[in-house]
Amino acid sequence: MLEVKNVDVSFRSERQTRIFGTDRTQVLHDISIKVDKGSCLGILGESGSGKSTLGRVMCGLLKPDRGEVYIQGKPVYESRAGKKQLQQSLSIVFQDYTTSANPRFRVRDILKEGIMAYERKLGKKVGQETEYEDLLKTVGLDSSFLMRYPHELSGGQLQRICIARAVACRPEIILFDEAISSLDAHTQVQVMDLLKELKEKLSLTYIFITHDLTSVTYICDNVMFLYKGRITEYLPVSRISESKDTYAKQLLNSIIVYEDEMTA
Amino acid sequence: MAARFLHNKTAVATVTIVLVIAIIGIFAPFIAPNDPFKADIMNKYAPYSAQYPLGTDNLGRCILSRLIYGIRPTLGLAVLTMLGTLGLGGLMGLLAGYFRGMTEEIIMRVVDVMLSFPSQIMVFAVVALLGINVQNVILANVFIKWAWYARMIRTGVMQYRDKNFIQFSRCIGTPERFILIRHLMPSIASDLVVLASLDIGWAIINISTLSFLGLGVQAPTPEWGAMLNEAKNVLTSNPTQMIAPGIAIVVLVSAFNLMGDALRDILDPKEVNA
């Protein structure tokens, strides 16, 4: 469904050795991944490993130096048709929910933007009013939220609105860029259960970018470890304990230690 | 929005003042007690009376009527100046901030050049070059002022263009027009309104200054700055001549400045019911 092939990304370094230097720091090295329809891929890595950059490449916002992203076989950065295809089939939920929604928009307007994207795809208007209620219901909120501003919602509620907005475009893929890391543990579980439910109901494909191993094991089928811009391990979640990657081992160990402390 | 506006006393008061002044200006022929151009040389520097409520000037013309007719050039030209400035500056700023790259480089270097000239001198230069004329005064004011707005709007756009809600819009392919008009414009509008309402005061004073120097609105058209200019000649013998236009300018400019502060509070969505 979505395929990333031999992607390299580099940024111009802040500190140059010469005045007009063009030194670049490479953040992604030769990344190739394939996401199948209906699957859930977790991308794990520590801070600065290039997870979010990879996310930006996948959602069509950052053109890689080399390599290409394909959506259903169409190149995204090469052709307009591919870009349009990607825009219509991919939606995104961000980590920082405080800036995810325009503070001047009411919940209704926030959702409307998603619905508008769906209408563009469909080429006609959809039954408006019930649509909003249905969307809010899917994420476990009621229609009393429609007229509220983002700052009148709690973090968890706002993140649910962001998920509702992502779902409103009727995408096939949703990319979660650390979407649940900023929520507290209890809300995280709620949101993840919600996501599982939505995945079944709407037959979605998920890409999870996170540094939290527990959430990956909870929801994902496959997991990919990213370390300093390179893929170090790619395997199904069920075999995660067989991982040979040092970072993966560290993560696994830290969880086991944590659980030991709990039982002790 | 309307409720928040009505809650803010300063906003209601200042907007009312400005509106009342504007309406008086629009309906000047019905409100003014005398013809503002009719000279009565025998009756010059007349004191306050029933026929001339604010007395007469050096040619025996009714000061109140001239004050009322003077609203038209004073307020009208200032508003026109600001619209021109906002339009040009806003367009340039949006283009520079949103599209970046070469567009930004060219626009911002022009802005840098514009900002390196002292504004008053530039106005004089432009007016001197194009001739003494009201249109040229407005042109000159817009010409020197747009750069400030272009730079400010560009900063605002850059601040918001990488916010997640715009990233989301671009990700799902929302048209650029929607992003610019619905996301970016309202976000920077609050800063813009504050600056614009402060600057409209500046424009009024600037137009009045130019008229005072004899470079703007020409006699016999009544204009507040020009009226002050005429009053200046008799500063020692008839000091009361300056009071009416002086107070009028102070009130209008203060109203705009206070309105700027109040509007900022209203346009901030987080100030709800505060």
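Note that the structure is a prediction, hence the values are computed from the model and not measured. Sequence positions are assigned chain by chain, starting from 1 and proceeding in written order. Chains and ligands are labelled by the order in which they are written, letters from A for the one and numbers from 1 for the other. For a predicted model such as this one, the threshold for reporting local features is a pLDDT of at least 70, and the threshold for listing and counting side-chain atom pairs is 80 or more; totals across whole chains, interfaces and linings nevertheless cover every residue. Computation of side-chain values covers all heavy atoms of the structure but excludes hydrogens and water.

1. Let's talk about the side chain of Ser10(A)
All names here are of chain A.
Working step 1: For the purposes of this entry, the term helix denotes a DSSP run of H or I that reaches at least four residues, the term strand denotes a run of E that reaches at least two, and both are numbered from the N terminus. Relative to the helices and strands, Ser10 resides in strand E1 (residues 2-12).
Working step 2: In the analysis that follows, any N or O atom pair within 3.5 Å is treated as a polar contact, provided that within protein one partner can donate a hydrogen and the other can accept it, and provided that, for residues neighboring in sequence, both atoms belong to side chains. Polar contacts involving the side chain of Ser10 include one to the side chain of Arg24, which spans 3.0 Å.
Working step 3: Among residues more than four places away in sequence, those in contact with Ser10 are Arg24, Thr25, Gln26, Val27 and Asp65. Throughout, a residue-residue contact means that at least one pair of heavy atoms, one from each residue, lies within 4.5 Å.

2. Details of the sheet that holds strand E5 (residues 74-75) of chain A
Working step 1: An order of E2-E1-E4-E5 (chain A) is seen for the 4 strands of this open sheet, with the pairing classed as antiparallel. If you trace the sheet from one side to the other, it starts and ends with strand E2 (24-35) and E5 of chain A, each paired once. Think of it this way: DSSP has to see at least two bridges between two strands before they count as a pair.

3. Remarks on empty space enclosed by the protein
Residue and element names in this part refer to chain B.
Working step 1: Only protein atoms enter the 1 Å grid used here. Points where a 1.4 Å probe fits but cannot escape make up a cavity, open sets with protein on both sides within 12 Å along at least five of seven lines make up a pocket, and a residue lines them when an atom lies within 4 Å of a point. Grid points are joined across faces, edges and corners, and a volume is the space filled by probe spheres set on the points. Using the criterion set out here, one finds 1 cavity of 30 Å³ or more in the structure.
Working step 2: Of the volumes computed, that of the largest cavity is approximately 90 Å³.
Working step 3: At the level of secondary structure, the elements contributing two or more residues to the lining of the largest cavity comprise helix H4 (63-99) and helix H10 (224-232).
Working step 4: The element that contributes the greatest number of residues to the lining of the largest cavity is H10, accounting for 3 residues.
Working step 5: Residue polarity follows a fixed list, in which Ala, Val, Leu, Ile, Met, Phe, Trp, Tyr, Cys and Pro are nonpolar, Asp, Glu, Lys and Arg are charged, and the others, Gly among them, are polar. Broken down by class, the residue content of the lining of the largest cavity amounts to 5 nonpolar, 2 polar and 3 charged.

4. Quick notes on the pattern of salt bridges
Any two side chains of opposite charge can pair, so long as their charged atoms come close to each other.
Residue and element names in this part refer to chain B.
Working step 1: The salt bridge definition used is simple: a Lys or Arg side-chain nitrogen within 4 Å of an Asp or Glu carboxyl oxygen. One pass over the structure, following the stated rule, counts 13 salt bridges over all chains.
Working step 2: With its nearest N and O atoms 3.9 Å apart, the salt bridge here joins Asp162 to Arg161.
Working step 3: Exposure classes here rest on a 1.4 Å probe applied to the protein chains alone. A residue is buried below 20% of its type maximum, exposed above 50%, and partly exposed in between. Overall, the relative accessible area of 12% leaves Arg161 in the buried class.
Working step 4: Taken together, the shared-partner salt bridges connect Asp57, Arg61, Arg66 and Glu230 into one network.

5. What about unusual backbone geometry?
Working step 1: A positive phi angle is found at Asn6(A), which is not glycine, with a value near 45°.
Working step 2: Locating Asn6(A) in the fold gives a position in strand E1.

6. A closer look at the layout of surface pockets
Working step 1: Taken as a whole, the largest pocket spans an internal volume of roughly 370 Å³.
Working step 2: Taken together, 18 residues form the lining of the largest pocket, with Gly60(A), Lys83(A), Gln87(A), Arg170(B) and Glu176(B) sitting closest to its centre.
Working step 3: Put simply, the parts of the chain that give the lining of the largest pocket at least two residues each are helix H2 (80-89) of chain A together with helix H8 (164-171) of chain B.
Working step 4: The biggest single contributor to the lining of the largest pocket is H2(A), with 5 residues.
Working step 5: Here the lining of the largest pocket is built from residues that sort into 7 nonpolar, 5 polar and 6 charged.

7. What about the sheet that holds strand E7 (residues 173-177) of chain A?
Residues and elements named next belong to chain A.
Working step 1: Overall, mixed pairing links the 6 strands, which are arranged E6-E7-E8-E3-E9-E10 in an open sheet. Each edge of the open sheet carries a strand with a single partner, namely strand E6 (90-93) and strand E10 (230-236). Going across the sheet, the axis of each strand differs from the next one's by a mean of 15°, ignoring polarity.
Working step 2: In terms of strand pairing, E6 meets E7 through 4 bridges, oriented parallel. Each residue of the ladder has a partner; that of Ile92, found in E7, is Leu175.
Working step 3: The angle between two axes is taken between their N-to-C directions and runs from 0 to 180 degrees, where each axis is a line fitted to C-alpha atoms and a helix contributes only its stretch in contact. In the packing of helix H5 (residues 155-168) onto the sheet, the strands contacted are E6 and E7, and the crossing angle to E6 comes to about 175°.

8. Focus on a nonpolar patch on the surface
Residues and elements named next belong to chain B.
Working step 1: Residues enter a patch when their relative accessible area is above 30% and they make no salt bridge; the linking distance is 9 Å between like charges and 5 Å between nonpolar side chains (Val, Leu, Ile, Met, Phe, Trp, Tyr). Per-residue and other accessible areas follow the Shrake-Rupley method at a 1.4 Å probe size, with only the shown protein chains counted as cover for residues. Nonpolar side chains collect at one region of the surface, where Leu19, Ile23, Ile26, Phe27, Phe30 and Ile31 lie side by side and expose about 640 Å² of accessible area between them.
Working step 2: Secondary-structure elements contributing two or more residues to the nonpolar patch are helix H2 (9-26) and helix H3 (28-31).
Working step 3: A total of 3 residues in the nonpolar patch trace back to one element, the largest contributor, which is H2.
Working step 4: Locating Ile26 in the fold gives a position in helix H2.
Working step 5: Judged by relative accessible area, which is 55%, Ile26 ranks as exposed.

9. Some words on the confidence of the model for chain B
Working step 1: pLDDT runs from 0 to 100 and stands for how confident the predictor is about each residue. The pLDDT averaged across chain B works out to 84; a share of 97% of its residues lies at or above 70.
Working step 2: Summarising per-element confidence for chain B, the mean pLDDT is lowest in helix H1 (residues 2-7) of chain B (78) and highest in H2(B) (91).

10. Here's the deal with the environment of Ile110(A)
Residue and element names in this part refer to chain A.
Working step 1: Take Ile110: it is sitting in helix H3 (residues 107-122).
Working step 2: Note: C-alpha distance between Ile110 and Gln72 (38 residues apart in sequence) is 29 Å.
Working step 3: Apart from residues lying up to four places away in sequence, Ile110 is in contact with Ala101, Phe105, Pro150, Ile161 and Arg165.

11. Notes on the interface of chain A and chain B
Working step 1: Of the residues lining the interface, 26 residues belong to chain A; the matching set on chain B comes to 23 residues.
Working step 2: A quick way to say it: buried area is the sum, across both parts, of accessible area lost when two parts are put together, with a 1.4 Å probe. Summed over both partners, the interface of chain A with chain B buries about 2,300 Å², with 59% contributed by carbon and sulfur atoms.
Working step 3: Looking only at chain A, the three residues that lose the most surface to chain B are Leu61(A), Arg104(A) and Glu113(A), adding up to 27% of its buried area.
Working step 4: Where chain A meets chain B, there are 0 salt bridges.
Working step 5: One can count 10 residue pairs in polar contact (both at pLDDT 80 or more) joining chain A with chain B.

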